[in-house]
Amino acid sequence: MTAHTSTLASRLAAEAFNKPDIDYGKLSPLLIVFGVALVGVLVEAFAPRDRRYVIQTAVSIVGLAAALAAVVVVGLNVQSNHGGASLGSVEAMGAIAVDGPSLFIWGTVLIFSLMSVLLFAERQLEGGITAFAGQAAALPGTEAEREASSRGIEHTEVFPLMLFAIGGMMLFASANDLLTMFVALEVLSLPLYLLCGLARRRRLISQEAALKYFLLGAFSSAFFLYGIALVYGYAGSFRLGDIDTAVSSTVGGNGLLLAGMALMAVGLLFKVSAAPFHAWTPDVYQGAPTAVTAFMAACTKVAAFGALLRVFYVALGGVRWDWQPMMWVIAALTMAIGSIVAITQTDIKRMLAYSSVAHAGFLITGFVGAQQGIEVAGQQISSLQAVMFYLVAYGFTTIGAFAVVTVVRDAGGETTHLSRWAGLGKEAPVVAGVFAFFLLAFAGIPLTSGFTGKWAVFTSAWAGGAWPLVVVAVLMSVVAAFFYVRVIVVMFFSDPVGDGPTVAVPSILTTITITVGAAMTLLLGVVPQPVFDLARAAGEFIR
Amino acid sequence: MIAFWVLAPVMVVAAVAMVMARKAVHCALLLAVIMISLAVLYAVQNAPFLFAVQIIVYTGAVLMLFLFVLMLVGVDSSDSLVETLRGQRVAAVVLGLLFGLLVVVALSQATLGTVVGLSAASEQADGNVKGIAALLFSTYVFAFEVTSALLITAALGAMVLAHRERLTPKPTQREMVAQRMRDYATSGVHPGALPNPGSFARHNSVDTPALLPDGTPSELSISRVMRARGTVRDVSRDRLTERGIETETRQIEEGER
Amino acid sequence: MSATPFLILSALLFGVGAVGVLVRRNAIVVFMCVELMLNAANLAFVTFSRQHGNFDGQIAAFFVMVVAAAEVVVGLAIIMTIFRTRRSASVDDASLLKY
């Protein structure tokens, strides 16, 4: 009899389980990206080898475009809360915040991903074959590798891997609890570790980059995880909103919270490649296939800043006075290291990597200001909006710049040593001119997107009281301008060494990417208002 | 309680030994000690489900994968403990100590309050496993589904990096026979098996070439690698007569070669 | 029993693991030390779960195990690739990328 009642009770308990309520419509951008990645895996399994490239490219482009359309549709139907303070809602049982900033970042990541897919699919530069290893399992320099390469074999698995990474990035920036954020961090990282090691040329360096990225990435995600554990110990929940409640209900900092916050910051700052956690950036950016570098530099940075801002503004906004000093130091250090070490670089990809570190510093400067939307008067923009604008501006420029790197070649593939770029201005004035334009945008010269972006983050940081940091940032911009100008001088005013570089004629795919990058860099420098308006319309994070 | 005080010193000692152990296999075994002890600590802390998963997934799958790779790489590949960056090890240990101190201070400062315990939650959810299931498939269902992307990535990655596709069809036995005969017809290569090392010679180690009926050694009976290295034993008749068979025999008995 | 001893144990294990990552040269051993750090975090999760009386921490530990399993596959695949090319798993030998 008792046994009977207990089974009945358990059955009742099972029925009391509340079925998860998920609004698939609002999550459709995420679901489309993951779904397309799965389709890609199936294509890999069932499509004949010679058709895979075409199918994969088409599936990826159509899928990303569909996801972008879904973002637009969701964005048009988004609801407004608290009298317009924030947009959107928390979905998937509280795991994902589909709010204004999320949608903005989703759109940004998807646009950059579309540009990167075109670089991934470029075949003309290598003579009818993609820039990824033919057979990653064949040892470099062996007969098997030569055979794979002479038969025109290529790994089309890179497309589904990239789509998984994109899905992870979108989830990372919109996760509303720390556990989902951790899973998303891994979903975005694992495919990137793999993609880094798949270069067709200079495979040893590429594999080494993958190893370094993997070991350091796993190390930093362990720190992130321990930070989550301590914050959970403090708040008793993973929800960002609950942590905020716990933070604001207790007075003063708590050891657990502070330690957890610092450790989580390590994990997040590693992903945005801020000093002193930037050591992987130059190695990985240099070793990875350039298309992957472009993808990482733009999309990972956007997603990681999205997550960084969400964690620190939403969950830890109440202890702002505790984390702001730490971020001040990190911002200054990042800008200084990125700008100063870049001067000594002789490799273009490495130099762009250090420039990416420096830009992370400028972005953190904007983030430190921590101007919340409510405090902002009139037409000013909040820190979040300034950072989002900067990310858009930086992403277009950086993808464009790395795309230019892929077309400057010699017999051994891409030639990235600075001395080999001497005289490029005479060899190929258009390519050199476009690259010079990108460098000027990195330096923040007026009429480029770099200037408006810097202006936006610096004003919001200044308004937030971080004026010493803004002074450092301006100084460092001047230092940085030095090495950007040095490259321009090398390209236009020195004579080529030996044969000099050749500029391969890329297919329409890379051309589109470079053109869009350059056009947007110019457009955001001249008429930035529409994107500012969009960022302002995105509002603040939902709480 | 007793379990904790028994296992905690064991785990710390194992962890320190793991960092100091020279051989990678020892590291893996010490890690196994830590993982199994952790499983017991989970059981002590009302987490029977995690106890099982820790044993099955972590110790059973993850650690075995580590051991498997270690065996592939070579068990005797011991780690060099030479410091390559001067002062790096000291700096690392100091940093580690500082970190430990920081966390310990943070933990002891933290007012954790009374332990709530999981009995109420378990009671309400009708057991630990059901409680976890209810949460996993409602609140964390999206994260749970997304882990599938992780697993697919892992499978895809392992395939890409480790699986080498056969580019040419494997020749069948019939094709191989036909090829041999064709070679014999065109270039006179003997279609039969190569002579074994040591045939008609004085001993049958792999570095001893087979002797042809006329007493000359056959190069074909020795592996190409040994020929290239020049470690082929010289068994030509001249040498045998010159040094005398007795000397050779004595050398072998004394194990000189 | 109070939660503090468990947490201190977990912090110790995490610290030892972190030192191991910095000190060791063999990539596989380095990765094992990372696993030790993840395990330490898991112990903290389970302890805090008991402390707060909810299952969220245990769920987190479960997720960490899933993630670690996937990470190990990818990581060991990368290490194996490097090893097959260079016959060495030492991180010192991976030194083509420098300033």
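Our subject is the structure that appears above.
The shown structure was predicted, so the numbers you read here are calculated from the model rather than taken from an experiment.

**A word on the overall build of chain A**
Then, number 1: Helices and strands together make up the secondary structure of chain A, namely 21 helices and six strands.
Then, number 2: Compactness check: chain A gives a C-alpha radius of gyration of 24 Å against a globular reference of 24 Å for 543 residues, within 12% of the reference.
Then, number 3: Every one of the 543 residues in chain A was classed for burial, and the buried ones make up 65%.
Then, number 4: When the accessible surface of chain A is split by element, carbon and sulfur atoms take 69% of a total near 17,300 Å².

**Some details on the layout of surface pockets**
All names here are of chain A.
Then, number 1: In this structure, the second largest pocket spans a volume of roughly 500 Å³.
Then, number 2: Residue lining of the second largest pocket: 21 residues in total, with Val71, Leu103, Phe104, Gly107 and Leu534 positioned closest to the centre.
Then, number 3: Contributing elements (two or more residues each) for the lining of the second largest pocket: α3 (49-76), α4 (100-120), α15 (383-407) and α21 (529-538).
Then, number 4: For the lining of the second largest pocket, the class distribution of residues is 17 nonpolar, four polar and no charged.

**A closer look at empty space enclosed by the protein**
All names here are of chain A.
Then, number 1: Using the criterion set out here, one finds seven cavities of 30 Å³ or more in the structure.
Then, number 2: Around the largest cavity, the lining residues are Leu119, Glu122, Leu125, Glu126, Ala131, Pro289, Thr290, Ala291, Thr406, Arg409, Glu414 and Thr510.
Then, number 3: Considered as a void within the structure, the second largest cavity measures approximately 70 Å³ in volume.
Then, number 4: Taken together, His359, Tyr390, Ala393, Tyr394, Thr397, Ala441, Phe442, Ser449, Gly450 and Gly453 make up the lining of the second largest cavity.
Then, number 5: The set of elements that each furnish at least two residues to the lining of the second largest cavity consists of α15, α17 (429-443) and α18 (449-463).
Then, number 6: For the lining of the second largest cavity, the element with the highest residue contribution is α15, accounting for four residues.

**Concerning the interface of chain B and chain C**
Then, number 1: Every contact between the two is made by 77 residues of chain B and, on the other side, 66 residues of chain C.
Then, number 2: When chain B packs against chain C, the two sides together hide about 6,500 Å² of surface, and 79% of this comes from carbon and sulfur.
Then, number 3: Run the count over chain B and chain C and you get zero salt bridges.
Then, number 4: Inspection of the chain B/chain C interface yields ten residue pairs in polar contact (both at pLDDT 80 or more).
Then, number 5: Per element, the largest residue contribution to the side of chain B that touches chain C is 13 residues, and it comes from helix α3 (residues 48-73) of chain B.
Then, number 6: Of the residues contributing to the side of chain B that touches chain C, the split by class is 59 nonpolar, 15 polar and three charged.

**A word on the sheet that holds strand β5 (residues 413-414) of chain A**
All names here are of chain A.
Then, number 1: Taken together, three strands build an open sheet; the order of strands is β5-β4-β6 and the sheet is antiparallel. Edge positions in the open sheet fall to β5 and β6 (502-503), since each of these has one partner strand only.
Then, number 2: Two elements, strand β4 (residues 408-410) and β6, share two bridges in a ladder whose sense is antiparallel. Bridge assignment links Arg409 to a residue of β6, and that residue is Thr502.
Then, number 3: Strands β4, β5 and β6 of the sheet are contacted by α15, whose axis makes an angle of about 25° with β4.

**A word on the pairing of strand β3 (residues 96-99) of chain A**
All names here are of chain A.
Then, number 1: The alternating pattern of β3 places Ile96 and Val98 on one face and Ala97 and Asp99 on the opposite face, and all of these are buried.
Then, number 2: Of the pairings in the sheet, the one linking strand β2 (residues 86-91) to β3 comprises four bridges and is antiparallel in character. Considered in β3, the bridge of Gly88 is made with Asp99.
Then, number 3: Hairpin remark: β2 followed by β3, antiparallel, with four residues in the connecting loop; positive phi at Ala92, about 50°.

**Some points on the interface of chain B and chain A**
Then, number 1: Listed per partner, the contact involves 34 residues of chain B and 52 residues of chain A.
Then, number 2: Summing the contributions of chain B and of chain A, the shared interface buries around 3,400 Å²; its carbon and sulfur component is 78%.
Then, number 3: At the boundary of chain B with chain A, the tally comes to zero salt bridges.
Then, number 4: Inspection of the chain B/chain A interface yields zero residue pairs in polar contact (both at pLDDT 80 or more).
Then, number 5: Contributions of two or more residues to the side of chain B that touches chain A are made by α4 (88-109), α6 (128-136) and α7 (141-162) of chain B.
Then, number 6: Among the elements that line the side of chain B that touches chain A, the one with the most residues is α7 of chain B, at 14 residues.

**So, a nonpolar patch on the surface**
Then, number 1: Together, Val90, Val94, Leu95, Leu98, Leu101 and Val105 of chain B together with Leu22 of chain C line one region of the surface with nonpolar side chains, adding up to about 630 Å² of accessible area.
Then, number 2: Per-element tally for the nonpolar patch: the top contributor is α4 of chain B, with six residues.
Then, number 3: Topologically, Leu101 of chain B is positioned in helix α4.

**Quick notes on unusual backbone geometry**
Residues and elements named next belong to chain A.
Then, number 1: Residue Pro276 follows Ala275 across a cis peptide bond; omega there is 0°.
Then, number 2: The residue Pro276 is located in the loop between α10 (255-271) and α11 (280-287) in this model.
Then, number 3: Notably, Met93 is not glycine yet its phi reads approximately 55°, a positive angle.
Then, number 4: Along the chain, Met93 falls in the loop between β2 and β3.
Then, number 5: With a phi angle near 50°, Arg202 is a residue other than glycine that sits in the positive phi range.
Then, number 6: Relative accessible area serves as the criterion here: at 44%, Arg202 is assigned to the partly exposed category.

Definitions and cut-offs
- Residues numbered from 1 in each chain as written.
- Chains lettered and ligands numbered in written order.
- Predicted model: local features only at pLDDT ≥ 70, side-chain atom pairs only at ≥ 80, totals over all residues.
- Heavy atoms only, no water.
- Helix = DSSP H or I, 4+ residues; strand = E, 2+ residues; numbered from the N terminus.
- Rg over C-alpha atoms; globule rule 2.2 N^0.38 Å.
- Buried < 20%, exposed > 50% of the residue type's maximum accessible area, 1.4 Å probe, protein only.
- Areas by Shrake-Rupley, 256 points an atom, 1.4 Å probe, with all protein chains shown as cover.
- 1 Å grid on protein atoms, 1.4 Å probe; cavity = no way out; pocket = protein on both sides within 12 Å on 5 of 7 lines; lining within 4 Å.
- Points joined across faces, edges and corners; volume = space filled by probe spheres on them.
- Nonpolar A, V, L, I, M, F, W, Y, C, P; charged D, E, K, R; others polar.
- Contact = heavy atoms within 4.5 Å.
- Buried area = accessible area lost by both parts, 1.4 Å probe.
- Salt bridge = Lys/Arg side-chain N within 4 Å of Asp/Glu carboxyl O.
- Polar contact = N/O pair within 3.5 Å; in protein donor to acceptor, adjacent residues only side chain to side chain.
- Pairing = 2+ DSSP bridges.
- Axes fitted to C-alpha atoms, helices over the stretch in contact; angles between N-to-C directions.
- Patch = residues over 30% accessible without salt bridge, like charges linked within 9 Å, V, L, I, M, F, W, Y side chains within 5 Å.

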